[in-house]
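# Examining the three-dimensional arrangement
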Amino acid sequence: WHERLLGGFRRTSDRLGENISGLFGKAALDEATLDAIEEALIASDLGPATAARVRDRLAEERFELGLDEPRLREIVAQEVAKILSPVAKPLEIEAFPRPQVILVIGVNGSGKTTTIAKLAHLFQEQDYGVMLVAGDTFRAAAIGQLKVWADRIGVPIISGKEGGDAASLVFEGVKRGTAEGIDVLIVDTAGRLQNKAGLMDELAKIRRVLGRLNPAAPHDVVLVLDATTGQNALSQIEVFKEVAGVTGLVMTKLDGTARGGVLVAAAEKYGLPIHAIGVGEAVDDLRPFDPSEVARAIAG
Ligand code: GDP
């Protein structure tokens with residue numbers, strides 16, 4: 001999976017290479033070269049703050065540096081790691097009373113259902129009792145698919161009919177979860193951003209129902225982002241922050257042809273915890289988010 005993970009950052013890393021090649025060979029790091037490096041970093045998806053930090057470091061070290069491409073990549077890796085380290089936070093199960101309620105949100109196709117199965121599997125491996133709620137009642141396929149996953153990994157699931165009321169399923173989930181001593185309740189939600197008002201109402205209703213049962217719930221609101229959508233992921237964070245109050249992120253499909261560098265831009269801009277990353281379609285393809293590993297993959 002390490003190779004696959006590297007794949008998800010290769011396009012960012014390649015772009016970085018293309019963008020910075022030709023910038024070396026000058027005796028001094030003059031302002032124009034620093035500008036060019038800064039622009040090259042922004043154009044490689046890393047975001048303006050990372051680019052500015054690298055530029056500042058280069059400007060500080062300019063006389064003794066003897067800058068070449070490997071040294072620049074090393075500095076990029078160090079600065080990226082500094083940005084990513086504070087946001088690397090696995091999801092911990094610590095709610096009392098149980099169950100901890102995790103709402104999972106994201107646009108259709110982002111990998112939300114798969115990520116729910118992966119998280120459920122991860123918590124099972126940590127010996128927690130897990131229950132799922134098929135709260136994306138808008139799509140019959142989503143309900144069916146989550147049931148298939150639940151069967152496959154052996155976790156109970158609360159589900160209803162297509163078009164049913166998601167909030168009542170959540171209510172039932174918490175009731176049953178509490179009665180059965182469940183530790184984690186993972187709730188799928190509709191991802192219809194095209195009907196923002198409808199989605200917002202639905203999530204608000206789920207929150208009201210949860211709040212009545214346990215004022216601390218939902219404990220987590222995890223946004224699933226597809227790394228292959230590049231900069232689009234940033235606008236999804238923006239919108240979901242507004243409609244749902246995101247507490248953390250999982251980025252999926254970092255095994256493909258993603259431009260994973262957008263993770264850095266997301267971290268610098270929003271500072272939201274990154275819980276894990278998806279590197280494949282199988283249930284154990286969820287990896288902890290390791291900032292220095294990712295930084296190295298990006299810097300190449
Ligand atoms: P949802 O519509 O957001 O619930 O998305 P799904 O969970 O159904 O995933 C959409 C597609 O993306 C499916 O074909 C999944 O197998 C695939 N997928 C999900 N996560 C990953 C991942 O980390 N890597 C890869 N390569 N594919 C993934």
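Residues numbered from 1 in each chain as written. Predicted model: local features only at pLDDT ≥ 70, side-chain atom pairs only at ≥ 80, totals over all residues. Heavy atoms only, no water.

As annotated in an unreviewed UniProt entry, the protein chain carries the name Signal recognition particle receptor FtsY and comes from Sphingomonas oleivorans. What UniProt states about the protein chain under its Sequence similarities (unreviewed entry) heading is, verbatim, "Belongs to the GTP-binding SRP family. FtsY subfamily." Annotation of the protein chain in UniProt includes, under Catalytic activity (unreviewed entry), the sentence "GTP + H2O = GDP + phosphate + H(+)". (UniProt positions renumbered as here; feature names shortened; annotations may be inferred.)

## Some remarks on helix H5 (residues 112-125)
In a regular helix each residue adds 1.5 Å, so 14 residues correspond to 20 Å; H5 covers 20 Å between its end C-alpha atoms and thus fits that length. Burial runs high along H5: 11 of the 14 residues are buried. Within H5, burial applies to Lys112, Thr113, Thr114, Thr115, Ile116, Ala117, Lys118, Leu119, Ala120, His121 and Phe123. Two residues or fewer past H5, Asp127 is found with a positive phi of approximately 70°. (Helix = DSSP H or I, 4+ residues; strand = E, 2+ residues; numbered from the N terminus. Expected span 1.5 Å × (residues − 1). Buried < 20%, exposed > 50% of the residue type's maximum accessible area, 1.4 Å probe, protein only.)

## A word on the site of the ligand
In the vicinity of the ligand, 18 residues are found, and the nearest of them are Gly109, Thr113, Thr114, Asp255 and Glu281. In this structure, Ser110 approaches the ligand through a main-chain N or O atom, which is 3.1 Å from an oxygen atom. Protein chains shield 80% of the accessible area of the ligand, which is 580 Å² for the free molecule. It is H5 that provides the largest number of residues to the shell around the ligand, a total of four residues. Its residues assigned to classes, the shell around the ligand comprises two nonpolar, 10 polar and six charged. (Near = heavy atom within 4 Å. Polar contact = N/O pair within 3.5 Å; in protein donor to acceptor, adjacent residues only side chain to side chain. Areas by Shrake-Rupley, 256 points an atom, 1.4 Å probe, with all protein chains shown as cover. Nonpolar A, V, L, I, M, F, W, Y, C, P; charged D, E, K, R; others polar.)

## A closer look at the packing of helix H1 (residues 2-20) against helix H11 (residues 291-299)
In contact at an axis separation of 6 Å, H1 and H11 are set at 45° when each is read in the N-to-C sense. The angle between H1 and H11 falls in the class oblique. On H11, the residues that touch His2, Leu5, Leu6, Phe9, Thr12, Ser13 and Leu16 of H1 are Glu293, Val294, Ala297, Ile298 and Ala299. Of the residues assigned to the contact of H1 with H11, the class counts are eight nonpolar, three polar and one charged. (Axes fitted to C-alpha atoms, helices over the stretch in contact; angles between N-to-C directions. Parallel < 35°, antiparallel > 145°, perpendicular 65-115°, else oblique. Contact = heavy atoms within 4.5 Å.)

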